[in-house]
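Chain residues, written in single-letter form:
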Amino acid sequence: MSNKLIFEVSSVGRTGYRFPLIDVPNIPVKDQISTALLRKSVPVLPEVSEIDIIRHYNGLAKRNFGVDEGFYPLGSCTMKYNPKINEDVANFPGFAGIHPLQSEDSVQGFLEMIYELTSSLCEITGMKWGTLQPYAGAHGEFTGMKFFKSYFKKRGELNRTRVLVPTSAHGTNPASATIAGFHIEEIQADERGLVSVENLKSLLADDVAGIMLTNPNTLGLFEKDIIEIARLVHEAGGLLYYDGANMNAIMGKVRPGDMGFDVIHLNLHKTFSTPHGGGGPGAGPVLVSERLTGFVPTPDVKKSDDGYYFEYNIPDSMGRISGFYGNMAVLVRAYSYIITMGGDGLKKASEYAVLNANYLKERLKKTYHLYYDTTCMHEFVLSMKKMKEKYGISSLDVAKGLLDYGVHPPTIYFPSIVPESMMIEPTETESKETLDSFVDTMLNIYEKAKNNPEELHTAPHNTAVRRVDEVLAVKQAILKWTAE
Amino acid sequence: MFSYLPQTEKDIQEMLKVIGVNSIEELFKDIPDEILQKTPLKIPKGISEYEVFKRMTELAQKNRQGISFMGCGSYEHLIPSVVGHILQLPNFYTAYTPYQAEISQGILQSIFEFQTLICELTGMEVSNASLYDDHTAASEAITMAVNTRKKANRVLVSGTIHPNTRSVIETFFSDVSIKIEEIPSKDYVTSIDALTEMIDENVAAVLIQTPNIYGWTEDLSGFADIVHDNKALLIVSSNPMSLGILKSQADWGADIAIGGTQPFGLATYFGGPSVGYISTGTKLTRKMPGRIVGQTKDVDGKRAFVLTLQAREQHIKRQRATSNICSNQALAAMGSGIYLSTVGWKGLKEASTMSFQKAHYLYRRLTEELGLKSLANKDFFNEFTLIIPESDKVLIDMESQGIFAGVGLSRFFPDLKDAVTIAVTEKRTKEEMDAYVDLLKRVLK
């Protein structure tokens, strides 16, 4: 298979697109604008015909793995099936062809969709209102932290500068809180893998703004003490932030609002089935409890007797957080998913996600070391530590071994509180047959670890490229193609 | 019942048996009873695919399209058919971030190509994999500057940048000790005299946008020297379509180049997704936010690509990361990469030049024949601002007849009554522009 760059496919004189001929007087550009502004340098862009571009990208697609190709149990990423009807409707010209600054009267469909989607997400999470503007989960976290800031500013509690984050949290949590102007303090997990209530008590003080939690947490465990945690944080004058990365476990079963959370972000590209696109665009809506609704970013969308409209006049708003209104093409897909599934279907999705995870966990734990041996939610974490000690096979080796079986490996080395971790999230859209086949593969790999570890150390063998040298990449830092 | 849920009753029973529980409910036993949801979600029951199609069609029909002359950060250019077809290849759009390089070479290579294309256009040395949009890219660029000039806490932002960029920046830095100050404009372009007066060594960055919010091109001759004499970094934001004709950020001596690639192969889509691009010199590579793809080799010595320089990023550095960004706009960035590769430099110059020519044609007709006043007689690329008397009413009238005549700037600047920014791309025909002029003539009477 060729792995030429598009620049290497290029041949002078070709083009992949024909523009219409110019139909207005062609007056020399330099006669209409100061020549000091004109470009002289010539960028090196590819020159390819239409079939060249199609073959090039088809070749690239063959060197890439997606959910449509096979099982993708990437923990904490909820790689569920991306429904095709959502792709169809997202391409409607009545959505794609709309300009963000058109009159409100001409965008009633979008405004209605924004209003309805926000309402549905509030119902699912037990929140009062929110914003769909954040472009991704981390952007949602940042927006959530701005809610914290706005709230404490309004109350005159500018001394609240500390935010508590569990050691098992996603890296974006501490990064987002920091850029919003908070200091991070880590909370330890106890022997159950849950937030240590004792440790939390010792950290709470009147300079604490709040806590960021994922529930179920990144070990796939439900924080059973959540009511106590919420009470303690609120009594200390703080707020609770819910990282919705793992929302797929609890739709229709329990709501973050009822747990006591004040702010939540959702990853629509996880729980709500929108494709992840190899790294985005995603969407990270933020929903908040009643006492925080006054701080929503501008503009908000409201409903009146005459239809829907943008509200810009929000006295306590945190301000604008996106150029326009968010990744609309992603929001359209999520809305389509929610009306497809309905309240009943969303609940079933969560139930089956948890069923699939527990089934897989029970089957695998007979062979692999299950670090926290208890009922899990939508995902669970294995540890390869013992296997590494016994056979010298690490999480990385198992992951690379899986590549040869046409399975996307689970998340590895996260959360870091589990040594040699492997975090497995099957999602609800996978059948029992797929899960069984994955178990067979994992058992196969275990046998290899015992009998033929070298094959795993050198895996993968059947992929477009084999193990890549990450150290060399950093050392040489070749970040673009250069003409010879 | 649900086509996305493959579990049969038989499967469920078998699985429960293996798990050793009697019901699915038992799996949720860790949820305290007092918060367990006992009533159904108040969301209507699920519906069939065809009913979804009908509902979504109904929503889309409640949006209206017209012959659009709207810009201000979102533009309707021609999009080659190949772009949409390639973006629908399932192994691209149904993939996650390329953590497992061996089975993600397709996306990794496409990002490497995108990085190269952005460097070629901006004239800079390194680019990242993408940011959310041009507005958030401004915040990230300023953060880079502030992290580079640790003791400086002032940031000067031209008064002519997109007001939404300004608002996004204000929100971003409102709770940290960075002071955002506005460089006044003169005749609706950045005043170099004001910049000279304001700048000192406490300034970390100067941000200018060209073409600016009014459409006028900023002549940045001499700017870089003033900025660099004060050890600050110059950030220049540009509509990348303009770079087909106009000087690149590197030509102006910028340290960081930013902008949004929506004009390249992406629909206006009510403002998103776009793609924020950011590029800079190699000195600042390790201050860059977000994903970067690098070239390397596999164990057999074959060329391969991989996410690299990750020691900057949140999953490694946590609160000490250069940015919190994780998911970016990868697939949309691929769309822009496909666009640029398809049209090539010749095509880009054609689209860019034609947009320029057509905008100047409409400008001439509106100012010379209709006698409309220009907000400022400045050079422009494909967008310009005119004073149209009673513009609110005029815009509504024209819209009702199918022409979206421009963006009324009073929505951003209440003092700028009747200023309308009009954008023209290569997609607009002479016939459509003539219809614009005729309709406006009638409406103004």
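Keep in mind that this is a model prediction, so the values were computed, not measured.

Q: Any details on the overall build of chain A? Residues and values, ideally.
A: Looking only at helices and strands, chain A has 16 helices and 13 strands in total. For 484 residues, the compact-globule estimate of 2.2 N^0.38 gives 23 Å, and chain A sits close to it at 25 Å. Classification of the 484 residues of chain A by burial places 59% in the buried group. Intrachain contacts of chain A at a sequence separation of at least 6 include 71% that bridge at least 24 residues.

Q: Which residues make up the overall build of chain B, and what are the values?
A: For chain B, the helix and strand inventory stands at 13 helices and 17 strands. Each principal axis of the C-alpha distribution contributes one length, and for chain B these read about 80 × 55 × 50 Å. Going through the 445 residues of chain B one by one, you find that 61% of them count as buried. When contacts within chain B are restricted to residue pairs at least 6 apart in sequence, long-range pairs at least 24 apart make up 73% of them.

Q: Outline the confidence of the model for chain B, listing residues and values.
A: On average, residues of chain B score 97 in pLDDT, and 100% of them are at 70 or above. Interface confidence for the predicted complex, expressed as ipTM, amounts to 0.97; the pTM equals 0.98.

Q: Can you explain the interface of chain A and chain B? Please cite residues and give values.
A: Taken together, the contacts link 169 residues of chain A with 167 residues of chain B. Looking at the side of chain A that touches chain B, the element that brings in the most residues is helix 11 (residues 328-364) of chain A, giving 23 residues. For the side of chain A that touches chain B, the residue count by class is 87 nonpolar, 51 polar and 31 charged.

Q: I'd love a proper account of the sheet that holds strand 7 (residues 203-209) of chain B, names of residues and values included.
A: Residue and element names in this part refer to chain B. Read from one edge of the open sheet, seven strands run 2-10-9-8-7-3-4, paired in mixed fashion. At either margin of the open sheet sits one strand with a lone partner, and together these are strand 2 (126-127) and strand 4 (179-183). As defined by bridge partners, strand 8 (residues 233-237) adjoins strand 9 (residues 256-260) across three bridges and the pair is classed as parallel. Pairing of V236 across the sheet is with A257, part of strand 9. The strands touched by helix 6 (residues 134-148) are strand 3 (154-158), strand 7, strand 8, strand 9 and strand 10 (276-280); relative to strand 9, the strand with the most contacts, the crossing angle is about 165°.

Q: Can you lay out the sheet that holds strand 7 (residues 286-288) of chain A for me, pointing to particular residues and giving the numbers?
A: In any sheet, the strands associate via hydrogen bonds between backbone groups, in a parallel or an antiparallel arrangement. All names here are of chain A. With mixed pairing, the seven strands of this open sheet are ordered in space as 1-7-6-5-4-2-3. Each having just a single partner strand, strand 1 (129-131) and strand 3 (183-187) make up the two edges of the open sheet. Across this sheet, the average inter-strand angle for adjacent strands is 25°, counted without regard to direction. The pairing of strand 2 (residues 162-166) with strand 3 spans five bridges and is classified as parallel. Bridging from a neighbouring strand, P166 pairs with I187 of strand 3. Contacts from helix 7 (residues 172-179) reach strand 2, strand 3, strand 4 (208-213) and strand 5 (239-244), with the element oriented near 170° to strand 2.

Q: Any details on the domain arrangement of chain B? Residues and values, ideally.
A: All names here are of chain B. In terms of domain boundaries, chain B breaks down into domain 1 (67-76 + 345-444) and domain 2 (81-339). Centre-to-centre separation of domain 1 and domain 2, based on C-alpha positions: 28 Å. Counting from both sides, the interface comprises 23 residues of domain 1 and, opposite them, 23 residues of domain 2. Where the side of domain 1 that touches domain 2 is concerned, the elements lending two or more residues are helix 11 (330-369) and strand 14 (383-387). Top contributing element to the side of domain 1 that touches domain 2 by residue count: helix 11, with seven residues. Class assignment of the residues belonging to the side of domain 1 that touches domain 2 gives a composition of 11 nonpolar, seven polar and five charged.

Q: Before we move on, could you go through the environment of R364(B) and cite the residues and values that matter?
A: Relative to the elements of secondary structure, R364(B) occurs in helix 11. Remark: the alpha-carbon pair of R364(B) and M1(B), spanning 363 residues in sequence, is separated by 62 Å.

Q: Pulling in residues and values, what's your account of the pairing of strand 11 (residues 293-297) of chain B?
A: All names here are of chain B. Counting buried positions along strand 11 gives four out of five residues, so the element sits mostly inside the fold. Bridging between strand 11 and strand 12 (residues 303-307) involves five bridges; their strand directions are antiparallel. For K297, the partnering residue across the bridge sits in strand 12 and is R303. Counted between consecutive antiparallel strands, the loop separating strand 11 from strand 12 contains five residues, among which G301 sits at a positive phi close to 85°.

Q: Before we move on, could you go through the pairing of strand 9 (residues 307-311) of chain A and cite the residues and values that matter?
A: Residue and element names in this part refer to chain A. Across five bridges, strand 8 (residues 300-304) lies against strand 9 in antiparallel orientation. Note on strand 9: the bridge partner recorded for V301 is F310. Counting the residues between successive antiparallel strands, the hairpin from strand 8 to strand 9 contains two residues.

Q: Outline the packing of helix 11 of chain A against helix 1 (residues 9-19) of chain B, supporting the account with residue identities and numerical values.
A: Between helix 11 of chain A and helix 1 of chain B, the shortest axis-to-axis distance is 9 Å and the interhelical angle comes to 50°. The angle between the axes of helix 11 of chain A and helix 1 of chain B places the two elements in the oblique class. Where helix 11 of chain A crosses over helix 1 of chain B, the handedness of that crossing is left-handed. Here L355(A), N358(A), Y359(A), E362(A) and R363(A) of helix 11 of chain A lie close against helix 1 of chain B, whose contacting residues are I12(B), M15(B), V18(B) and I19(B). For the contact of helix 11 of chain A with helix 1 of chain B, the residue count by class is six nonpolar, one polar and two charged.

Q: Explain helix 7 of chain A residue by residue, including any values.
A: What sets the pattern is the α-helix's 3.6 residues per turn: residues three or four places apart point alike. Among the eight residues that make up helix 7 of chain A, eight are buried, leaving the element largely enclosed by the rest of the structure. In the core, the buried residues of helix 7 of chain A are packed alongside helix 6 (137-154), strand 2, strand 3, strand 4 and strand 5 of chain A together with helix 10 (314-317) of chain B. Within two residues after helix 7 of chain A, G181(A) carries a phi angle of roughly 105°, on the positive side.

Q: So what's going on with the nonpolar core? Residues and values would help.
A: By size, the foremost hydrophobic cluster in this structure holds 302 residues, and its most contacted members are V206(B) and I235(B). Beyond its immediate stretch of four places on either side in the chain, I235(B) contacts A141(B), I142(B), A145(B), A205(B), V206(B), L207(B), A254(B), D255(B), I256(B) and I258(B).

Q: A description of unusual backbone geometry should follow, citing residues and the corresponding values.
A: Of note, the amide linkage connecting N215(A) to P216(A) takes the cis form, showing an omega dihedral of 0°. With a phi close to 50°, F270(B) is a non-glycine residue in the positive phi region. You can call F270(B) buried: it has 29 C-beta atoms within 10 Å.

Q: An account of the environment of L240(A) is needed here, citing residue identities and associated values.
A: Residues and elements named next belong to chain A. Relative to the elements of secondary structure, L240 occurs in strand 5. Along the sequence, L240 and P415 sit 175 residues apart, while their C-alpha atoms lie 21 Å from each other. Setting aside residues no more than four positions away along its own chain, L240 makes contact with G210, I211, L213, A230, V233, G260, F261 and D262.

Q: Account for helix 11 of chain B, with residues named and values stated.
A: Residue and element names in this part refer to chain B. If you check helix 11, its first and last C-alpha atoms are just 46 Å apart, much less than what 40 residues at 1.5 Å a residue would give, namely 58 Å. Remark: the principal bend of helix 11, roughly 95°, maps to G344. For helix 11, a buried count of 31 out of 40 residues is recorded, marking the element as mostly surrounded by other parts of the structure.

Q: Explain the environment of A304(B) to me, using residue names and the numbers behind them.
A: As for its placement among the helices and strands, A304(B) is situated in strand 12. Separated by 202 residues in the primary sequence, A304(B) and E102(B) place their C-alpha atoms 8.4 Å from one another. In contact with A304(B), other than residues within four places in its own chain, are V465(A), V468(A), A101(B), Q105(B), T296(B), K297(B) and D298(B).

Q: An account of the packing of helix 5 (residues 108-125) of chain A against helix 11 of chain A is needed here, citing residue identities and associated values.
A: Residue and element names in this part refer to chain A. Remark: helix 5 packs on helix 11, axes separated minimally by 10 Å, with the N-to-C direction vectors making an angle of 45°. Comparing the axis directions of helix 5 and helix 11 gives the class oblique. Seen from above, helix 5 lies across helix 11 with left-handed handedness. Taken together, the residues of helix 11 that come into contact with helix 5 (itself represented by F110, M113, E116, L117, S120 and I124) are M328, L331, V332, A334, Y335, I338 and L346. Here the contact of helix 5 with helix 11 is built from residues that sort into 11 nonpolar, one polar and one charged.

Calculation rules
Residues numbered from 1 in each chain as written. Chains lettered and ligands numbered in written order. Predicted model: local features only at pLDDT ≥ 70, side-chain atom pairs only at ≥ 80, totals over all residues. Helix = DSSP H or I, 4+ residues; strand = E, 2+ residues; numbered from the N terminus. Rg over C-alpha atoms; globule rule 2.2 N^0.38 Å. Buried ≥ 20, exposed ≤ 12 C-beta atoms within 10 Å, placed from the backbone. Contact = placed C-beta atoms within 7 Å. pLDDT = per-residue confidence, 0-100. Nonpolar A, V, L, I, M, F, W, Y, C, P; charged D, E, K, R; others polar. Pairing = 2+ DSSP bridges. Axes fitted to C-alpha atoms, helices over the stretch in contact; angles between N-to-C directions. Domains from an automatic or database assignment. Parallel < 35°, antiparallel > 145°, perpendicular 65-115°, else oblique. Left-handed = near helix turned anticlockwise from the far one by under 90°. Core = buried A, V, L, I, M, F, W, Y, C linked by C-beta atoms within 7 Å. Expected span 1.5 Å × (residues − 1). Bend = angle between axes of the 7 residues up to and from the residue.

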